[in-house]
Every structure is written in C-alpha cells, then in structure tokens.
Amino acid sequence: MAVAARKGRVTVSPLAGSPVSIATTARPGFLGGWLSRIPLPKWALIAVAVAVAVLLLLFLICIVRCCCGKKKPKKKERVSLHAVSGSSTACLVQPEMEDLERGAAQAGRGKLQYSLEYNFRAQELKVGVKQAAKLKAMDSGGTSDPYVIVYLTSDMKKKYETKVYRKTLNPIFNESFTFQVPQAEVPESTLVMQIYDFNRFAKHDIIGEVRLPLASVSLQHVIEQWSDLVAASKVEEERLGEICFSLRYVPSTGKLTVLILEAKKLKRMDSHGLSDPFVKVHLILNRKKWKKKTTSVKKNTLSPYFNEVFVFEVPFNQIQNVDVVISIWDHDKVTKNEPIGKLFLGCRATGNQLRHWSDMLSNPRRPLAQWHSLQPPDVVDKALGLKSHLKLSLPPR
C-alpha cells in the first residue's frame, strides 16, 4: 500500500509480519544543489575553499598594515611641527641644498703655507707665500697652473702676485710682500691670499682662498702655518669708512643746519696709503640737484677732523621733498678728484639714515649727531635717481 503526501512519499510493505521500512526524501537545498552541479570531487572543493580563505586573510592583513603605516608618520609629524616652528622644521627633515653645495665646494681645494711678520717700528707687515699642496686640478690634463694674489681688505688697491708655476698641484713659491699698515689699523684688517689657475686664452679660475683676520693672530712673533683653502667669497665687502655729522632743523625759520664733525677708517686713495679728504653736502629737491657746499681739504689722513657747519634755507612745506647727500672725496691737484663714498638722508632713505632724519624732524631746534657708514657712490646715485640740475627761487618770506 502506498500513500502519497505533499511533503514526501511513504512506502509500506504489503507483507504482514515483515518489518516496515519508511524512507523520507526532502527537496535538496540551494547550496547542496549548486555544489552537486560542480564536476569536482569533495576534497577538491574543500581545497579551493581553504585557498580562497587564505587569500582573503592575507588581503585583510595588508589593508590593516597599510592603514596603520599611514597613521603613525602623521602623528610624529604633528608632534615635530608643534615642537619646532618656522624654517627649522625643514632642517630636521633634510639639510638645505645650499649647505650641501657649500660642503661639496669646500672639499678638495688644497692648502697653503704662509708666514707673517710685523715690524712695529716701521709699521710694516711682511707676508711670505711659501708653498701650496694638493691643489684642485683645474685643467683637463689633471693639473693646474697656479699663482697667488695677496692683499689686505683695508687697502684693496694694492695687490701683489706671485709667479705662475706650470702644470703642478704642489707649487713652491717662496715669495714675500710688504704692506704699510699702521699699528692702530692692524686689528681691523684681513689678509687675503687667493690661488688662481692661469689660463692664456680665458678668464683665470680661482682655486680657493685663505682669509686671515689680523685681529685673530698674535703678531708679537713670526708666524708660519698651513691653512686649508676655501671657496672664494662672491662679494668683496670693501670698507669705505665712516663719517659723523649732526642735523638740526627749525621749522619756524626754515633753516636746516648740517655740522660735519669728523670721519674715520677712510679708504686709502693715494699711492702712499693715505688720502686728502674733503666733504661735499648736496641738497636734492624733487630728485634734482639744488644746493651744494664743501668743506676744506685735510691732507694725508684717513681720520680727518672738520667741525664745519653749513646752513641751508629749506621752507617747511619743502622739507619732505628734500634729500641731503653727504659725500667724501679725495682731493688731487693733478688728476680729477675721486669719490671715496657717500650716503643720503631724507624721507626716501632707509636704515640709520632714515632714522636720523626722522629723529631730526621729531626734535625741532635740537642738533642730533650720529655716525654713518659710507656706501659706494654708484649705489647711492642709483637710489637717488637724479634728474637734470634744478635752479629754484625761494618764495618771498
């Protein structure tokens, strides 16, 4: 007897007394049906499943590591930025390119042996250029043609040169040169010895230099020593000197008083190491020359004392448009007078000059004196931007 049901099929044996066998078959599930369709044995399916699980695990590990690795540097970077402000942060991470280039430029230039002897009675400095060693090769053949230029920064017009030695990196010079240096100026001078590579058809290349501030050595006895060559300074700072003067302005009368007091450490202009200085005071109105006055000439000195006063009439409504130009010249009877240095004061000035001018306007009727460093004449002329000469008649008072 067979009975059919919705959920399955039940079979009953017709024989009495025999055991009844009941078999129930359910509709197969989705996963089982899908797996039964794959023509692979069960062990192969298990192996594939394990491989996929391992790959997924490795993928998750990689993602976690990448995320953690990005977060940690950000934390450290934040801390360093809070701890150090400004441009110093870059120095903690990476050195400046200029420092790297400078370090590379200093390496392998060679060294120079020299001697110094100062005669206190004659006030002479004797410089001996002995020899050089392990110089940098400047020629294509792996050698150089070196020679030495020697001078003092206090008198750059007077320079000495050694002979040229061909195709060598270890030249022996054994030459000496004498400079006239007053004892009072020795501490303010720097000895410069530059080694060049001679080139007949092109500009001579500098191999390196030695700069020795005389204030850093004891000249009580003869000095002989070696010094490493370094890269030459790009800009030579020439000291032109300093001048002291006072300014005074009275708005009610329109009188501007300029008192030239003294100067010191002036540049040597004559062959004997001195100068014949005098001072010119120019008034510039609206970038045009207006008035000029001149001091007397002081002979054979680098530290002249003038104490000469000049009074200019400048209306109060023009004082903001006026520049005062003060220049020191070297007098020469035979040739043309040469400028040593100059500076200008006014509302267009900068630095100490502008401060001095502002103090004068802020303190009427009070003379204010101050020291100023001289500047190259061409630099001051360019800053002034002068036009053609101006003749101006003052309005009636």
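Look above for the structure.
Below is a summary of the structure that appears in this document. Quantities reported herein were computed from a predicted structural model and do not represent experimental measurements.

### Quick look at the overall build of the protein
For step 1, the next point in the chain: For the protein, the helix and strand inventory stands at six helices and 18 strands.
For step 2, the next point in the chain: Counting all 397 residues of the protein, 33% fall into the buried class.
For step 3, the next point in the chain: Intrachain contacts of the protein at a sequence separation of at least 6 include 63% that bridge at least 24 residues.

### Brief notes about the pairing of strand 7 (residues 172-180)
For step 1, the next point in the chain: On strand 7, burial follows the alternation: Phe173, Glu175, Phe177 and Phe179 on one face are buried, whereas Ile172, Asn174, Ser176, Thr178 and Gln180 on the facing-out side are not.
For step 2, the next point in the chain: Inspection of the sheet shows strand 4 (residues 124-133) paired to strand 7 by seven bridges, in the antiparallel sense. Bridged to Leu125 within strand 7 is Phe179.

### Topic: the sheet that holds strand 10 (residues 223-228)
For step 1, the next point in the chain: Pairing is antiparallel across the open sheet formed by four strands, whose spatial order is 7-4-3-10. Every interior strand has two partners, whereas the edge strands, strand 7 and strand 10, have only one. Here the average twist between neighbouring strands, direction ignored, is 20°.
For step 2, the next point in the chain: Here strand 3 (residues 111-119) runs beside strand 10; their pairing, made up of six bridges, is antiparallel. From the neighbouring strand, Leu116 faces strand 10, where its bridge partner is Ile223.

### What about the pattern of salt bridges?
For step 1, the next point in the chain: Inspection of the entire model under this criterion finds six salt bridges.
For step 2, the next point in the chain: Across the pair Arg268 and Glu185 runs a salt bridge whose closest N-O atoms are separated by 2.2 Å. On the criterion of sequence distance, the pair formed by Arg268 in the loop between strand 12 (255-264) and strand 13 (277-285) and Glu185 in the loop between strand 7 and strand 8 (190-197) is long-range, its members being 83 residues apart.
For step 3, the next point in the chain: The salt bridge involving Asp323 is made with Arg348; its shortest N-O contact spans 2.6 Å. Of the two residues, Asp323 is situated in strand 16 (residues 322-330) and Arg348 in the loop between strand 17 (338-346) and helix 5 (351-362); the sequence distance between them amounts to 25 residues.

### A word on the packing of aromatic side chains
For step 1, the next point in the chain: Applying the stated rule across the entire model yields five aromatic pairs.
For step 2, the next point in the chain: Ring geometry for Tyr118 against Phe120: centres 4.8 Å apart, planes inclined by 85°, an arrangement best described as edge-to-face.
For step 3, the next point in the chain: For Tyr118, a relative accessible area of 7% corresponds to the buried category.
For step 4, the next point in the chain: The exposure class assigned to Phe120 is partly exposed, which follows from its relative accessible area of 33%.
For step 5, the next point in the chain: Ring-pair connections join several aromatic residues into one group, and the members of that group are Tyr160, Phe177 and Phe179.
For step 6, the next point in the chain: A cation sits over an aromatic face here: Lys159 above Tyr151, 4.5 Å from the ring centre.
For step 7, the next point in the chain: Geometry around Trp371 places Lys264 over its ring, the cationic atom sitting 4.5 Å from the centre.

### Focus on the sheet that holds strand 17
For step 1, the next point in the chain: Taken in spatial order, the four strands of this open sheet run 14-13-16-17, and their pairing is antiparallel. Because the sheet does not close on itself, it has two edges, and the strands there are strand 14 (288-294) and strand 17. Averaged over all neighbouring strand pairs, the angle between strand axes comes to 25°, with direction disregarded.
For step 2, the next point in the chain: Across six bridges, the pairing between strand 13 and strand 14 is antiparallel. Bridging across to strand 14, Ile284 finds its partner in Lys289.
For step 3, the next point in the chain: Together, strand 16 and strand 17 form the strand contacts of helix 6 (residues 377-384), whose direction differs from that of strand 17 by roughly 35°.

### Remarks on unusual backbone geometry
For step 1, the next point in the chain: Non-glycine residue Lys134 carries a positive phi angle of around 55°.
For step 2, the next point in the chain: Phi is positive for Arg365, which is not a glycine, with a value near 70°.
For step 3, the next point in the chain: Here Arg365 is to be found in the loop between helix 5 and strand 18 (368-373).

### Quick look at the environment of Gln320
For step 1, the next point in the chain: Looking at the secondary structure, you find Gln320 in the loop between strand 15 (305-313) and strand 16.
For step 2, the next point in the chain: What makes Gln320 partly exposed here is its relative accessible area of 48%.
For step 3, the next point in the chain: Each C-alpha atom, one on Gln320 and one on Gly346, is 7.5 Å from the other, the two residues being 26 residues apart in sequence.
For step 4, the next point in the chain: With sequence-adjacent residues up to four places away left out, Gln320 is seen in contact with Cys347 and Leu361.

### Here we look at the environment of Ile284
For step 1, the next point in the chain: Locating Ile284 in the fold gives a position in strand 13.
For step 2, the next point in the chain: Expressed as a C-alpha distance, the spacing of Ile284 and Leu384, which sit 100 residues apart in the sequence, is 8.9 Å.

### Things to note about the side chain of Asp276
For step 1, the next point in the chain: By secondary structure assignment, the location of Asp276 is in the loop between strand 12 and strand 13.
For step 2, the next point in the chain: An unpaired buried charge is present at Asp276: no salt bridge exists, and Lys299, the closest side chain of opposite charge, is 4.5 Å distant.
For step 3, the next point in the chain: There is a polar contact of 2.8 Å between the side chain of Asp276 and the backbone nitrogen of Asn300.
For step 4, the next point in the chain: What Asp276 contacts, discounting residues up to four positions off in sequence, is Asp270, Val297, Lys298, Lys299, Asn300, Trp329, Asp330 and His331.

### Let's talk about the nonpolar core
For step 1, the next point in the chain: Judged by nonpolar contacts, the single largest core of 32 residues is most densely connected at Ile243, Ile260, Val314 and Ile326.
For step 2, the next point in the chain: Looking at this core, the elements that each hand over two or more residues are strand 11 (242-250), strand 12, strand 13, strand 15, strand 16, strand 17 and helix 5.
For step 3, the next point in the chain: Excluding residues that lie within four positions of it along the chain, Ile326 makes contacts with Ile243, Phe245, Val258, Ile260, Val279, Lys280, Gly341, Lys342, Leu343 and Leu345.
For step 4, the next point in the chain: Core analysis: the second largest hydrophobic core is formed by 27 residues, Leu125, Leu191, Leu219 and Ile223 among them.

### As for a nonpolar patch on the surface
For step 1, the next point in the chain: A cluster of nonpolar residues, Ile46, Val50, Val54, Leu55, Leu57, Leu58 and Ile61, forms a patch on the protein surface that exposes about 650 Å² of accessible area.
For step 2, the next point in the chain: Assignment of secondary structure puts Val54 in helix 2 (residues 42-83).
For step 3, the next point in the chain: In this structure Val54 comes out as partly exposed when scored by relative accessible area, which is 43%.

Rules behind the numbers
Here the residue numbers are simple positions, counted from 1 along each chain's written sequence. Reporting in this predicted model follows two pLDDT cut-offs: at least 70 for local features of residues, and 80 or more for side-chain atom pairs to be given and counted; totals over whole chains, interfaces and linings ignore these cut-offs and use all residues. By convention in this description, side-chain values take in all heavy atoms of the structure and omit both hydrogens and water. Secondary structure elements are taken from DSSP: a helix is a run of H or I of four residues or more, a strand is a run of E of two residues or more, and numbering for both begins at the N terminus. Each residue gets one of three labels from its accessible area relative to the maximum for its type: buried under 20%, exposed over 50%, partly exposed in between, using a 1.4 Å probe on protein chains only. Here, residues are in contact when the closest pair of their heavy atoms is within 4.5 Å. At least two bridges found by DSSP between two strands is the condition for calling them paired. Interaxial angles span 0 to 180 degrees and are taken between N-to-C directions of axes, which are lines fitted to C-alpha atoms, for helices over the stretch in contact. Any carboxyl oxygen of Asp or Glu that lies within 4 Å of a side-chain nitrogen of Lys or Arg is treated as forming a salt bridge with it. Any Phe, Tyr or Trp ring, taking Trp's six-membered ring, that has another such ring centre within 6.5 Å forms a pair; planes under 30 degrees apart are called stacked, those over 60 apart edge-to-face, and the others tilted. Sitting over a ring, as applied to charges here, requires NZ of Lys or CZ of Arg to be within 6 Å of the ring centre and within 35 degrees of the ring normal. A positive count includes Lys and Arg, and a negative count includes Asp and Glu. His and the chain ends are not counted in either. A 3.5 Å cut-off defines polar contacts: any pair of N or O atoms within that distance qualifies, except that in protein one atom must be a possible hydrogen donor and the other a possible acceptor, and neighbouring residues in sequence count only when both atoms are side-chain atoms. Only buried residues count toward a nonpolar core, which is a set of Ala, Val, Leu, Ile, Met, Phe, Trp, Tyr and Cys residues joined through side-chain atoms within 4.5 Å. In this scheme, patches are assembled from residues that exceed 30% relative accessible area and form no salt bridge. Like charges are connected within 9 Å, while nonpolar side chains (Val, Leu, Ile, Met, Phe, Trp, Tyr) are connected within 5 Å. Values of accessible area rely on a 1.4 Å probe in the Shrake-Rupley scheme; residue burial ignores everything except the protein chains shown.

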